[in-house]
Amino acid sequence: MIRKAAAGDAAALAGLAAVTFPLACPPGASPEDIRLHLKRTLSKDRFAEYLADSKIAILVLDEDGRLDGYTLLVDRQPTDPDVLRALDGHRSVELSKCYVHPDHHGRGAAASLMRASLDWAAGQGAVSVWLGVNSENAKAIRFYEKSGFTRIGAKSFTLGDSVESDFILEYSLPPLG
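Please read all numbers here as calculations on a predicted model, not as lab measurements. (Residues numbered from 1 in each chain as written. Predicted model: local features only at pLDDT ≥ 70, side-chain atom pairs only at ≥ 80, totals over all residues. Heavy atoms only, no water.)

A. Expanded view of the sheet that holds strand β6 (residues 150-159). Taking strand neighbours across the sheet as the criterion, the seven strands line up as β1-β2-β3-β4-β5-β7-β6 in an open arrangement whose pairing is mixed. Each edge of the sheet is formed by a strand with only one pairing partner; in this case those strands are β1 (2-4) and β6. The mean inter-strand angle of the sheet, taken between neighbouring strand axes irrespective of direction, is 30°. Bridge count between strand β2 (residues 56-63) and strand β3 (residues 66-74): eight bridges; the pairing is antiparallel. Bridging from a neighbouring strand, L59 pairs with T71 of β3. Each of β6 and β7 (162-172) is contacted by helix α2 (residues 31-41), which is oriented at about 95° to β6, the strand it contacts most. Taken strand by strand, helix α3 (residues 44-52) contacts β2 and β3, and its axis lies near 115° from that of β2. (Pairing = 2+ DSSP bridges. Helix = DSSP H or I, 4+ residues; strand = E, 2+ residues; numbered from the N terminus. Axes fitted to C-alpha atoms, helices over the stretch in contact; angles between N-to-C directions. Contact = heavy atoms within 4.5 Å.)

B. The pairing of β7, seen in detail. The pairing of strand β5 (residues 128-134) with β7 spans seven bridges and is antiparallel. When the bridges of β7 are listed, S128 appears paired with S172. Of the pairings in the sheet, the one linking β6 to β7 comprises nine bridges and is antiparallel in character. Bridge pairing in β7 links L159 to S162. Taken together, β6 and the strand that follows it, β7, pair antiparallel across an intervening segment of two residues, in which G160 is found at a positive phi of about 65°.

C. Just the nonpolar core, in detail. Membership of the largest hydrophobic core comes to 26 residues, with the highest contact counts inside it found for L95, V133, Y144 and F149. Going through the elements one at a time, β2, β4 (92-100), α5 (109-123), β5, α6 (138-146) and β7 are the ones with two or more residues in this core. When residues of this core are assigned to their parent elements, the largest contribution, seven residues, is made by α5. Look past the residues within four positions of L95 in its chain and what remains in contact with it is T71, L72, L73, M114, S117, V129, W130, L131, Y144 and F149. By size, the runner-up hydrophobic cluster in this structure holds 24 residues, among which are A24, I56, Y70 and L72. (Core = buried A, V, L, I, M, F, W, Y, C linked by side-chain atoms within 4.5 Å. Buried < 20%, exposed > 50% of the residue type's maximum accessible area, 1.4 Å probe, protein only.)

D. Highlighting the packing of helix α1 (residues 10-24) against α2. Remark: α1 packs on α2, axes separated minimally by 11 Å, with the N-to-C direction vectors making an angle of 140°. Considering their axes alone, α1 and α2 lie oblique with respect to each other. Where α1 crosses over α2, the handedness of that crossing is right-handed. Facing A17, A18, F21 and P22 of α1, the residues of α2 in contact are I34, H37 and L38. (Parallel < 35°, antiparallel > 145°, perpendicular 65-115°, else oblique. Left-handed = near helix turned anticlockwise from the far one by under 90°.)

Take a look at the structure:
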């Protein structure tokens, strides 16, 4: 079942992030940079902040009370100049996070979460959905391209104390009506 996350899900989301985020990191990422990123952006307290923010939606794959995947969508104007330039000024929702527990890889869970996320963004009136993906994460890039995203630019991403290279991908939502 896919549902919108609730305040009580913060600890489970942080636990899931600790398992899934390292799998998406570039091969040369240091354990310390991964640990710092988890602490700074994917901790229980940070998830509690995200869940309290009216401009953020977290959708979860809930299997009998166990969270096996999540997406985090941000419905606000990006501040990164590279993203702003790539989006060319139109209204877009950011798919900030899209992770599925490795036990569910290849079982359609990520595709289901993606469909629900795109539907949510369309319901907000966005023209598109954008995301940043590490330029070395071939598996994720293939998944996003298979989902209909196209590369529109590049940007930097801070991982711990290191700066990584990301591609900016975008999915054009069909017009409402």
